[in-house]
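The primary structure of each chain is shown beneath.
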Amino acid sequence: MGDFQFSVASDDNSEFWLSSDDSPSNSRLAAFVGKLGTEWTAPGEFTKFSSQVSKPLRLMSSRRYYFELLHKQDDRGSDHVEVGWRIFLPSLKFEVIDSSYISLYTDESSLKMNHVEHIPQTLASHPGSHLWAAQQDEHGADMLKADPRDTFFLTPAIEASRVENVLVPCAYSPTYVVKDFPIARYQGLQFVYLSFVYPNDFTRLTHMETENKCFYRESPLYLEKFGFYKYMKMDEEEDPRQQAFLFLGPDSESPGSLGTGPSSRHPRWQLIPSELWLIGMTPALPEAAGGLETTVSQQEEGKGQEEEEDEEEEVSDYSYEAGELQQGWLEDSINWQRTFSVSSVDFELLRSDWNDLRCNVSGNLQLGESEVVDVVAQYMERIYTLLRIINVEKRRDTARGNRYLLELELAERGQRTVRLSEYVYVLLHQGKQDDSAEANPDGLALGATEPQPSAWSILYGKSVLCRPLRLSWRQDVMVHFVVPVKNQARWVQQFISDMAGLYGATRDANFNVILVDFDSEDMDVEKALQDARLPRFQYLRRTGNFERSAGLQAGVDMVEDEHSIVFLCDLHIHFPANILDSIRKHCVEGKLAYAPIVMRLSCGSSPREPNGYWEVNGFGLFGIYKSDFDRVGGMNTEEFRDRWGGEDWELLDRVLQSGLEVERLRLRNFYHYYHSKRGMWNARSKKPSKD
């Protein structure tokens, strides 16, 4: 028996938990290195922080003690973690615990990588952990705040028959569709347009703008040097000292005789603008040609010398003695009474619906409230009582008319609350009565209960709110998540668990998980699917090297119903609860495909701490009806056989050429986890040499 102290050293954060016996449930935090991700130590540096060293703990040699060691590391530095111990004598040094003193809690040598049931669920990995507690602090991301969009899918939908004939039908043929237009390789990105959203969904990553200010569309170098000064105007002052001054050179004539002497061609005078007094520059009488320029350059040179002296002082030994001011050195005076004016600036108005690939912190385009109220008011003249405008999305077409997705919370006969989520079209009539081909390009036969084209031709010269033909989304259509995998056991297990969690949260049985397994060795993927509480799943095993295009194509080929949606997916994704609803309402057979923009999390970030950027260039997460996918030719499995990267852009080219629109929106709480590339797909590990 004796009193011992423990210490932990690591790069970056770590925690050492020790139980009073061999039971994991009695574990308590004994020592730790930070909790913010910025703290670290050198290897074996056991006394850098006071938190590293535990209090004296009494242990008995005849007992076994359970411990846990947690380690958190970013993508920089040399990661390490070690635990030291010493008898409770401050004069003794900490010694790293020798492996002869420890034994495994569970022998994992025969277990697959996804087997985690044996890991004790203790306070260390739950709310008792400092690393966990750090995530509970309020984060600066506005997107984390509650939004009715996130749960609106749970509201009962209004019966389709109630709104079927509310609006007159009209042909939907936007001018920005590029059907049969020749698109060069990877140029489809230039034909994708963004939609406008109301109300603000706070997808703008304001908490990341300290590092990236691209939203303001200014040069980073300009902002670094001048900031936002051009949006500020200094107010005028009446102080005569702030006015311009006229200085004469030594060889110039008096002001009254300018233009009459030998120096009249080049008078030696300088006008000193009052702005120089704002910045602490005192006018001085120029001594030679060059005037103000000479004075300014001399002062700038003096300033440079001061900066060099300041730098030398920074590296010199610190002294508590106050140094004497240099002779002739004067501090710049500050005019505390000086004010400035600014005007209201809406930077959103500077943005366009062009798919901007240069800025990855800006959010969805904002739609003006007055426009939304006008459209909703026209619609609400015909149906129920409006409770709330949940979401409105606009795709702009100034030539033919704007398309809107209206999502409204309504009161049905003053009793039940219902959800309306429908597309409407504000059709612009710019010529005489439309001919049959223009009004009905698909040659659709209008039903007996639907108004014939002549019914709205009387509205010539006016915009009309109408129901776009063949632009209705199906609220119960089957969605197939297709994911190819290979040797990513922990991530595969996480994905399966997340899909099971999605089913538990929504009770929506109309989705299917399809995993195409390229001969994984680190887990039994099929058994993991069988054990999970999923509404349905399909498993396909393939041999050979990992091929993303071939894997996606093989997964889609397993779908028999061509009138269902396939969502080409990645493995390392966190899904919001409304993902199914979002995919369904943005995919319309023969009309719309969906490429939601995912937020790529930085190393060390999580859905609770979402630091990162929108993946504005990637189109790998893609929803499309199976019939449309087959019609455009599916994945390019020949060209992208032994590589991946670019296959999503190539598919996008063909989707657009087929005449489909691609809806592009930043989706709230839709994240791509940061992950190591080690051991992924076809990577091979180097075997240690026998020597």
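Residues numbered from 1 in each chain as written. Predicted model: local features only at pLDDT ≥ 70, side-chain atom pairs only at ≥ 80, totals over all residues. Heavy atoms only, no water.

So, about the environment of E159. Tracing the chain through its elements places E159 in the loop between α1 (130–136) and α2 (160–163). A relative accessible area of 42% means that E159 is categorised as partly exposed. Residues E159 and L420 lie 261 residues apart in sequence; the distance between their C-alpha atoms is 8.9 Å. (Helix = DSSP H or I, 4+ residues; strand = E, 2+ residues; numbered from the N terminus. Buried < 20%, exposed > 50% of the residue type's maximum accessible area, 1.4 Å probe, protein only.)

Looking now at the state of the cysteines. On inspection of all chains with the given rule, the structure shows two disulfides. Paired through a disulfide, C170 and C466 show a sulfur-sulfur distance of 1.9 Å. On the S-S bond that ties C170 to C466, the torsion sits near 75°, and the link is right-handed. Of this pair, C170 sits in strand β8 (residues 169–170) while C466 sits in strand β18 (residues 464–468), placing them 296 residues apart in sequence. An identical accessibility class is assigned to C170 and C466; each is buried. (Disulfide = S-S within 2.5 Å.)

Counted according to the given criterion, the structure contains 29 salt bridges. With its nearest N and O atoms 3.3 Å apart, the salt bridge here joins E348 to R351. An identical accessibility class is assigned to E348 and R351; each is buried. Between D353 and R396 there is a salt bridge, with its nearest N and O atoms 3.5 Å apart. Of this pair, D353 sits in the loop between β13 (340–342) and β14 (365–366) while R396 sits in the loop between β15 (385–395) and β16 (401–412), and the two are 43 residues apart along the sequence. A cluster of three or more residues bridged by salt bridges with shared partners is formed by R395, R403, E661 and E663. (Salt bridge = Lys/Arg side-chain N within 4 Å of Asp/Glu carboxyl O.)

What the four strands build is an open sheet, ordered β4-β1-β6-β7; its pairing is antiparallel. Two strands bound the open sheet, and with one partner strand each, they are β4 (57–59) and β7 (95–96). Note that strand β6 (residues 80–87) and β7 share two bridges and pair antiparallel. Its bridge partner lying in β7, W85 is registered against E95. (Pairing = 2+ DSSP bridges.)

We now examine the environment of V482. Tracing the sequence through the fold places V482 in strand β19 (residues 479–485). Each C-alpha atom, one on V482 and one on L552, is 6.3 Å from the other, the two residues being 70 residues apart in sequence.

Turning our attention to the packing of aromatic side chains. Throughout the structure, instances matching the rule amount to 23 aromatic pairs. Joined through ring pairs, the aromatic side chains of F481, F495, F511, F567, F575 and F670 make up one cluster. Looking at K48, its charged tip hangs above the ring of W40, at a distance of 4.0 Å from the centre. Taking the ring centre of F215 as reference, the NZ or CZ of R204 above it sits at 3.7 Å. (Phe/Tyr/Trp six-rings, centres within 6.5 Å; stacked < 30°, edge-to-face > 60°. Lys NZ or Arg CZ within 6 Å of the ring centre and 35° of its normal.)

In this section: the sheet that holds strand β23 (residues 573–574). Either a parallel or an antiparallel arrangement is found when strands of a sheet pair, and the pairing is made through backbone hydrogen bonds. Here four strands make up an open sheet; going across it, the order is β23-β29-β25-β26 and the pairing mixed. The open sheet has two edge strands, β23 and β26 (612–614), and neither has a second partner. Here β23 pairs with strand β29 (residues 666–672) via two bridges, running antiparallel. Residue pairing in the sheet places H574 in a bridge with Y671 of β29.

In this section: the confidence of the model for the protein chain. The share of residues in the protein chain with pLDDT of 70 or more is 77%, and the mean pLDDT across the chain is 81. In the predicted structure, residues 311–322 sits below a pLDDT of 50 and forms zero contacts with residues beyond four places in sequence or in another chain. Contacts from residues 431–460, a stretch scored under 50 in pLDDT, to residues over four places away or in other chains number 32 contacts. (pLDDT = per-residue confidence, 0-100. Contact = heavy atoms within 4.5 Å.)

Looking at chain direction, strand β1 (residues 2–11) and β6 are connected through eight bridges and run antiparallel. The residue bridging S7 from the neighbouring strand is G84, located in β6.

Now for the pairing of β16. Counted residue by residue, β16 has 12 buried out of 12 residues, so it is predominantly covered. Burial along β16 is two-sided: G401, R403, L405, E407, E409 and A411 facing one way and N402, Y404, L406, L408, L410 and E412 facing the other are all buried. Bridge analysis of β15 against β16 gives nine bridges, and the strand direction is antiparallel. Bridging from a neighbouring strand, K394 pairs with Y404 of β16. Between β15 and β16, which follow one another and run antiparallel, lie five residues.

Further remarks concern a nonpolar patch on the surface. A cluster of nonpolar side chains, contributed by F226, Y229, M232, M234, L278, F340 and V342, occupies part of the molecular surface with about 680 Å² of accessible area. Elements that contribute at least two residues to the nonpolar patch include exactly β10 (232–234) and β13. Position of M232 among the secondary structure elements: in strand β10. (Patch = residues over 30% accessible without salt bridge, like charges linked within 9 Å, V, L, I, M, F, W, Y side chains within 5 Å. Areas by Shrake-Rupley, 256 points an atom, 1.4 Å probe, with all protein chains shown as cover.)

Along the chain, S421 turns up in strand β17 (residues 416–427). Using a relative accessible area of 2% as the deciding quantity, one classes S421 as buried. Side chain to side chain, S421 and E407 meet in a polar contact 3.0 Å long. Setting aside anything within four residues of it in sequence, one finds S421 in contact with L405, L406, E407, W473 and K585. (Polar contact = N/O pair within 3.5 Å; in protein donor to acceptor, adjacent residues only side chain to side chain.)

Over its 18 residues, helix α9 (residues 489–506) extends 26 Å from the first C-alpha to the last, a length consistent with the 26 Å expected when each residue adds 1.5 Å. Inspection of α9 places A489, V492, F495, I496, M499, A500, L502, Y503 and T506 among the buried residues, and these make up the whole buried set. Projection of α9 onto a plane perpendicular to its axis shows the buried side chains occupying an angular sector of 150°, all on one side. Looking at the buried residues of α9, the elements they touch are β19, β20 (511–518), α10 (525–531) and α12 (579–585). Just downstream of α9 lies R507, where phi reads positive at about 55°. (Expected span 1.5 Å × (residues − 1). Arc of directions from axis to C-beta.)

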